[in-house]
Amino acid sequence: MEVLIYLVPMALALGLLGLGGFLWSLKTGQYDDLDGAAWRAILDEDDVPPGAKVTGGETADGGDTPAAPP
């Protein structure tokens, strides 16, 4: 029973620490865009349509100029 003198304050301190971490995550906006994170996890970044700009002015199909619109 004497161990409760140590365990109860430790449990309360850990609970308050967890609550503080949760409130901090709410304040910093960690839960603002849940749908965006879900879609980023399943989308494949390699699926770039032909003619789309990738980097450095080159297009996804290997040409230097973008494809003409249909």
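So, here is what we can say about the structure in this document.

## Here we look at a nonpolar patch on the surface
The grouping of M1, V3, L4, I5, Y6, L7, V8, M10 and L12 at the surface amounts to a nonpolar patch, some 1000 Å² of accessible area in total. Relative to the helices and strands, L12 is located in helix α1 (residues 4-27).

## Considering the pattern of salt bridges
Scanning all chains against the criterion turns up 1 salt bridge. Here R40 makes a salt bridge to D33, at a shortest N to O gap of 3.9 Å. When its relative accessible area of 46% is taken as the criterion, D33 is described as partly exposed.

## With respect to the side chain of S25
Among the structural elements, S25 can be located in helix α1. Contacts of S25, omitting those with residues within four sequence positions, involve Q30 and Y31.

The rules we used
Residues numbered from 1 in each chain as written. Predicted model: local features only at pLDDT ≥ 70, side-chain atom pairs only at ≥ 80, totals over all residues. Heavy atoms only, no water. Patch = residues over 30% accessible without salt bridge, like charges linked within 9 Å, V, L, I, M, F, W, Y side chains within 5 Å. Areas by Shrake-Rupley, 256 points an atom, 1.4 Å probe, with all protein chains shown as cover. Salt bridge = Lys/Arg side-chain N within 4 Å of Asp/Glu carboxyl O. Helix = DSSP H or I, 4+ residues; strand = E, 2+ residues; numbered from the N terminus. Buried < 20%, exposed > 50% of the residue type's maximum accessible area, 1.4 Å probe, protein only. Contact = heavy atoms within 4.5 Å.

That is the geometry; function is a separate question.
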